Amino acid sequence: MRRLIERLFLSAYRVVDRHKVMAPLRTALQALDSFFLRKPELPLAPPHVRDPIDLKRFMIMVVVALMPATLASIYFFGWRSLAVIMVSYVFGVGTEWLFAYARKEEIHEGAFVTCLIFPLILPPTIPLWMVAVGIVFATVFAKEAFGGTGHNIFNVAMIGRLFLAVAFPVAMTTRWHPPFTGGLGGFRQWSSDVITGATPLISYKANHALTGLRELFLGTVPGSLGETSALLILLGGLFLMFTKIANWRLPVGYLGAVAVFSAIGSSLWPAKFAPPIFQLLAGGVMFGAMFMITDPVTCCFTKAGKWIYAIAAGLITVLIRALSGYVEGVMFAIVFMNTFAPVIDHLVLTAKFKETASA
């Protein structure tokens, strides 16, 4: 099978190289080749690279970890969820390809992860054209404007969601599908015709109604496409930590901070702060902990910095949920801490190497 795929790629390269009009497609072809096959450029003499696909493996592992939440989005909200994901890929990767072609570079594998994470943090009822607008905006202004993958200072998917939340608040906050449950669920449906305006966080904000913890853990509640099932998100996150793709300090620090600060807040001001377990399972906290705050490009790289970064993000999440007009604080907290990640690392290194810095 592998040899057959390699031959198909070689044939495609020959066709593209033979016809100049098809030259722009070579960048996209190289991206697919790099993602699915192992095509390293190795030197003829030592030293040799033993494993040339670190970045590719990193991105593939994240995609694999997102599969439970992706399948859950279809089960709970129907096949329209897959349409949302496909629109994100078409316009996100398409935008990335345009910039790669203009710069005469290859498409980086990071686009394949961003274009999957982005739709999973959107409401099931989001119009498809808004998905396209959001992923294009995020790709252009949160990544390409900074020089492309690895140079961005903000989490790309979060910037896209933040843009949609500000530009289209009604579509992002008031129209939610109740999930399909039982049997094959949404695998037999395109989408639900029923609209509800109450996610667990909205219900708590409006009348202090607490959704059952079992429903929150399994995901049988209204919410964003991939954020409802804490169980499946946790499985994906544990996979990333077990394979060392994600640093365990970030999700542990973030979830621990949310639990501790919400416990303090709910004991002192129960009318404002929800209980800790509810805070952990409701909304985007679990998804943010496993797949967003662990973004290696936008988080701190020092060990102490990771703890500070995660704990501060957890505190901000709890404060925004309790004291602001927004029911969710995850996206604001993570984007806010993205700004301070370099400063935190600088302060940690300065404190650790005082003698070297003073000299």
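Please refer to the structure higher up on the page.
In this text the structure is predicted, and so the values were computed from the model without any measurement. (Residues numbered from 1 in each chain as written. Predicted model: local features only at pLDDT ≥ 70, side-chain atom pairs only at ≥ 80, totals over all residues. Heavy atoms only, no water.)

Q: Please provide a residue-by-residue account of a nonpolar patch on the surface, values included.
A: A cluster of nonpolar side chains, namely L71, W79, L82, M86, L184, F187 and W190, defines an oily patch on the protein surface of about 690 Å² accessible area. Judged by its relative accessible area of 53%, W190 is exposed. (Patch = residues over 30% accessible without salt bridge, like charges linked within 9 Å, V, L, I, M, F, W, Y side chains within 5 Å. Areas by Shrake-Rupley, 256 points an atom, 1.4 Å probe, with all protein chains shown as cover. Salt bridge = Lys/Arg side-chain N within 4 Å of Asp/Glu carboxyl O. Buried < 20%, exposed > 50% of the residue type's maximum accessible area, 1.4 Å probe, protein only.)

Q: Which residues make up the packing of helix 5 (residues 110-120) against helix 7 (residues 156-167), and what values do they have?
A: One way to put it is that helix 5 packs onto helix 7 with a least axis distance of 8 Å and a crossing angle of 35°. Classified by chirality, the crossing of helix 7 by helix 5 is right-handed. The segment helix 5 lies against helix 7, with T114, I117 and F118 engaging V156, A157, G160, R161 and L164. Of the residues in the contact of helix 5 with helix 7, the class split is 5 nonpolar, 2 polar and 1 charged. (Axes fitted to C-alpha atoms, helices over the stretch in contact; angles between N-to-C directions. Helix = DSSP H or I, 4+ residues; strand = E, 2+ residues; numbered from the N terminus. Left-handed = near helix turned anticlockwise from the far one by under 90°. Contact = heavy atoms within 4.5 Å. Nonpolar A, V, L, I, M, F, W, Y, C, P; charged D, E, K, R; others polar.)

Q: Give me the lowdown on the packing of helix 4 (residues 80-103) against helix 5, citing residues and values where you can.
A: Axis separation between helix 4 and helix 5 bottoms out at 9 Å; the angle between their running directions is 140°. In terms of crossing hand, the pair formed by helix 4 and helix 5 is right-handed. Only A111, F112, C115, L116, F118, P119 and L120 of helix 5 make contact with helix 4, whose side of the interface consists of V84, I85, S88, Y89, G92, V93 and E96. Across the contact of helix 4 with helix 5, the residue classes break down as 11 nonpolar, 2 polar and 1 charged.

Q: Now, about the environment of M61: what can you tell me, with residues and values included?
A: Note that M61 resides in helix 3 (residues 54-77). Residue classification places M61 among the partly exposed residues on the basis of a relative accessible area of 22%. Taking the C-alpha atoms as reference, M61 lies 8.3 Å from T243; in sequence the two are 182 residues apart. Here M61 is in contact with F239, L240 and I245, once residues within four sequence places are set aside.

Q: If you had to explain the side chain of S266 to someone new, which residues and values would you point to?
A: Following the sequence through the fold, S266 ends up in helix 12 (residues 249-268). Within the local environment of S266, its side chain forms a polar contact with the backbone oxygen of A263, the two atoms lying 3.1 Å apart. For S266, the residues in contact, after removing those within four places along its chain, are F273, A274, P275 and P276. (Polar contact = N/O pair within 3.5 Å; in protein donor to acceptor, adjacent residues only side chain to side chain.)

Q: Tell me about the packing of aromatic side chains, and name the residues and values.
A: Tallied over the full model, the rule gives 15 aromatic pairs. Between the aromatic rings of W129 and F168, the centroid separation amounts to 5.4 Å while the plane-to-plane angle is 85°, which identifies the pairing as edge-to-face. Note that W129 is positioned in helix 6 (residues 128-143) and F168 in the loop between helix 7 and helix 8 (169-173), a separation of 39 residues in sequence. Taking the centre distance of 3.9 Å and the plane angle of 10° together, the rings of F137 and F163 count as stacked. Remark: F163 occurs in helix 7 and F137 occurs in helix 6; sequence separation between them is 26 residues. The partly exposed category is assigned to F137, whose relative accessible area is 25%. Classification of F163 as partly exposed rests on a relative accessible area of 24%. Taken together through their ring pairs, the aromatic side chains of Y75, F76, F77, W79 and F187 make up a single cluster. (Phe/Tyr/Trp six-rings, centres within 6.5 Å; stacked < 30°, edge-to-face > 60°.)

Q: Describe unusual backbone geometry, and please don't skip the residues or the numbers.
A: In this structure, H208 takes a positive phi of about 60° despite not being glycine. Its location among the elements puts H208 in the loop between helix 9 (200-207) and helix 10 (213-218). Residue H208 is classed as partly exposed on the basis of its relative accessible area of 40%. Unusually for a residue other than glycine, K244 sits at a positive phi of about 65°.

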